[in-house]
Amino acid sequence: MEKPYKVVLPSDLSIEQKIGQMVIAQAFGRFRSDSAAEYVALQRLVEEVHISGFKIYHGYALGMLMLATHLEAHSDVPLFFASDLEMGLGQQFADAPRFPPAAAFGAAGSLELAFRSGKQVGQEALRLGINLVFAPLLDLHSPGDKYFGSRCISSDPYIAAEIGSHFFLGITEAGALSTAKYFPGNGEQKFYDDGSTINRQKRERLEEWEWLPFVTAIRTGVSAVMVSHGAFPGLDAVPWNSAAGIIPAALSRQVVTEILRKELGFDGLIITDALNLPFLRRYTMREIARNAVSAGSDVLVALTTPQDALEAIKGIYDSLDQGLVSEVQIDQSVRRILNAKRKISLKRLGLQPLQLESNLFGSDESLAVIVEIAEKSITLLKKPEKDFPILERPTSFMGILVGSSKAVEQIQPDHWQPWHTFSQVEGVSVNWIEIDPLKAIENQLSPVNDYKSVILVPLQTEDETVNATLTLLNHLIEIGKRVILALPLSPNEAVKLAPLAWASLWMPDFYQASRWALLSVITGGRQATGQIRQSIWVPK
């Protein structure tokens, strides 16, 4: 049935409704009943404070669909349902397929694949009620980065700009809203123990390098820009109580209003990153929200509890009462919010309940795109002089996964096909074992003796995993094994390790499609056509 509401004008809303529209709260993609305490708390946010929407974390498809349907039915203004979907629905929903991370698009070098992937992600998100996609990530990969890793498209700003824009244009084509993150570009950042970061690059370097993907996205029509919590003393050196010691970009009026809004001319939604990081909590949510809206943000992502959202709303009132913002600025933000909601695919926005479709996600087209990305991104970093690919049949490999039990668990629960059977090629078998880097390695290696060739896969970039991988690699070489390094790591980490083995390949992740592509390349089923396209990084 059609819901009898329309997207209204700011002048139609009370000040309470306007301020509520500037806050997004947290929810999980699940639904038990409309009497469950967690759902009642979300419904109260919708009905009593006119919350703008919810950022969705982990759940299941049907639960998400039911949650969106029930909450939307209680709102006078359409709700945002937002989620980090850089890798598709599988990044948040356990029963959905996962797209490879953004570095795969950079390695594949295909604008068409980026567009098709974005469109598939947007279509599948809308089917579950998710209409605001927090992707693409446009930060550039830097040599010292161990945080973003393969989430970055490239270290080359031109590649990141082109591929990132095609990804978000695909999302837009599907009818959802896209978000370029994290302006002004984290790039060469230093991390502190409290979670704060600092990027000491000069403004000139940021303009020439980090901003290029964002400027391209803005000129191409991206719906929203999410601002980083990183400190950028080259842009704003106001002191802040954190280990970094400098105000976060998302709370800086110089960054948000003077640069992003005025200099770069962006008139879409400006959204904060989540306001629940530990170093921010040295201040109250009310104080953080007051700073964020005073900086010029339109939408505050106030996590983690419903009380956090209520405190953020109080902070916006404080900024208004104290003259830090005017009602004119509030109206401008609400206008952008309502305009964005107006852009969302109308067939999803105006219908209640959302329809349970037979093809929610994981269509043949979607899975074909995932497989194609994996195949085209596999990159041969070191090729032996002879005997590669391995063509003899039958042939058997020992496969060793190096990583914590959690890292191994993350790649196992594939709902489409058990992972250990997916890596089968006719005449080829792989016996996989798991090595915990925190346990004595020599006690875990007895099965290796029966195999000539070993596929060694470090699953993490943590020092203990890399060190364990190096120990294993040296031991296997000493006992005469032919070691193939399969590296689902950040491109920079992969390039460092690649020369040490008999053969080395970079892969974007170690999920099904990438495992299949890896084994196909090793055994001659297809060529590795990916390239790690990197610029020479010279911090300034």
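Since we're looking at a predicted model, the values are computed, not measured.

Cut-off values and rules
- Residues numbered from 1 in each chain as written.
- Predicted model: local features only at pLDDT ≥ 70, side-chain atom pairs only at ≥ 80, totals over all residues.
- Heavy atoms only, no water.
- Core = buried A, V, L, I, M, F, W, Y, C linked by side-chain atoms within 4.5 Å.
- Buried < 20%, exposed > 50% of the residue type's maximum accessible area, 1.4 Å probe, protein only.
- Contact = heavy atoms within 4.5 Å.
- Pairing = 2+ DSSP bridges.
- Helix = DSSP H or I, 4+ residues; strand = E, 2+ residues; numbered from the N terminus.
- Axes fitted to C-alpha atoms, helices over the stretch in contact; angles between N-to-C directions.
- Right-handed = clockwise from strand over helix to strand, strands pointing away.
- Polar contact = N/O pair within 3.5 Å; in protein donor to acceptor, adjacent residues only side chain to side chain.
- Left-handed = near helix turned anticlockwise from the far one by under 90°.
- Nonpolar A, V, L, I, M, F, W, Y, C, P; charged D, E, K, R; others polar.
- Expected span 1.5 Å × (residues − 1).

A. Structural detail: the nonpolar core. Formed by 152 residues in total, the largest nonpolar core has its most connected members in I51 and F54. The contact partners of I51, leaving out residues within four places of it in the chain, are G20, Q21, V23, A25, L45, V46, L79, A309 and I313. Among the nonpolar cores identified, the runner-up in size contains 26 residues, and A107, I400, L445 and L472 belong to it.

B. Region of interest: the sheet that holds strand β4 (residues 132-133). Spatial ordering of the open sheet is given by β9-β8-β5-β4-β3-β2-β1-β10, a layout of eight strands whose pairing is parallel. This sheet does not close on itself; its edge strands, each paired only once, are β9 (269-272) and β10 (300-301). For strand β2 (residues 53-59) and strand β3 (residues 80-83), the ladder comprises three bridges, and the chain directions are parallel. In the strand pairing of β3, K55 is matched with A82. Sitting on the sheet, helix α11 (residues 306-321) touches β1 (23-29) and β10, and the angle it makes with β1 is about 170°.

C. The arrangement of the pairing of β2 in detail. Within β2, six of the seven residues are buried, which leaves the element mostly enclosed by the surrounding structure. Two strands pair when backbone bridges link them, and β1 and β2 are joined in this way by six bridges, in the parallel orientation. Residue pairing in the sheet places A25 in a bridge with F54 of β2. At this point the chain moves from β2, through helix α3 (residues 61-72), to the parallel β3, and the crossover so formed is right-handed.

D. Representation of the side chain of T395 in the model. By secondary structure assignment, the location of T395 is in strand β12 (residues 395-402). Leaving out residues up to four positions away in the same chain, T395 has contacts with I390, G427, V428 and S429.

E. Local environment of the pairing of β12. When you tally the buried positions in β12, you get seven out of eight residues, the bulk of the element. As defined by bridge partners, β12 adjoins strand β13 (residues 428-435) across eight bridges and the pair is classed as parallel. Bridge pairing in β13 links S396 to S429. Pairing analysis gives six bridges linking β12 to strand β14 (residues 453-458), with the strands arranged parallel. Its bridge partner lying in β14, M398 is registered against V454.

F. How the structure looks around the side chain of S154. Structurally, S154 can be placed in the loop between β4 and α6 (157-174). The class for S154 is buried, based on a relative accessible area of 5%. For S154, the side chain forms a polar contact with the main-chain nitrogen of D156, separated by 2.9 Å.

G. Geometry of the sheet that holds strand β15 (residues 482-487). Across the sheet, which stays open at both edges, the six strands sit in the order β11-β16-β15-β14-β12-β13 with mixed pairing between neighbours. Here the strands that pair on one side only, and so sit at the sheet edges, are β11 (379-382) and β13. Each strand axis lies, on average, 25° off the axis of its neighbour in the sheet, ignoring direction.

H. Expanded view of the packing of α6 against helix α8 (residues 212-220). The geometry of α6 relative to α8 is characterised by a closest axis approach of 8 Å and an angle of 35° between their N-to-C directions. For the element pair α6 and α8, the recorded crossing hand is right-handed. Two secondary-structure elements touch here, α6 through P157, Y158, A160, A161, S165, F168 and L169 and α8 through L212, P213, T216, A217 and T220. When the residues that make up the contact of α6 with α8 are grouped by side-chain class, the tally is nine nonpolar, three polar and no charged.

I. Here's a closer look at helix α5 (residues 111-127). Over its 17 residues, α5 runs 25 Å from end to end, which matches the ideal 24 Å to within 8%, given 1.5 Å per residue. Just downstream of α5 lies G129, where phi reads positive at about 95°.

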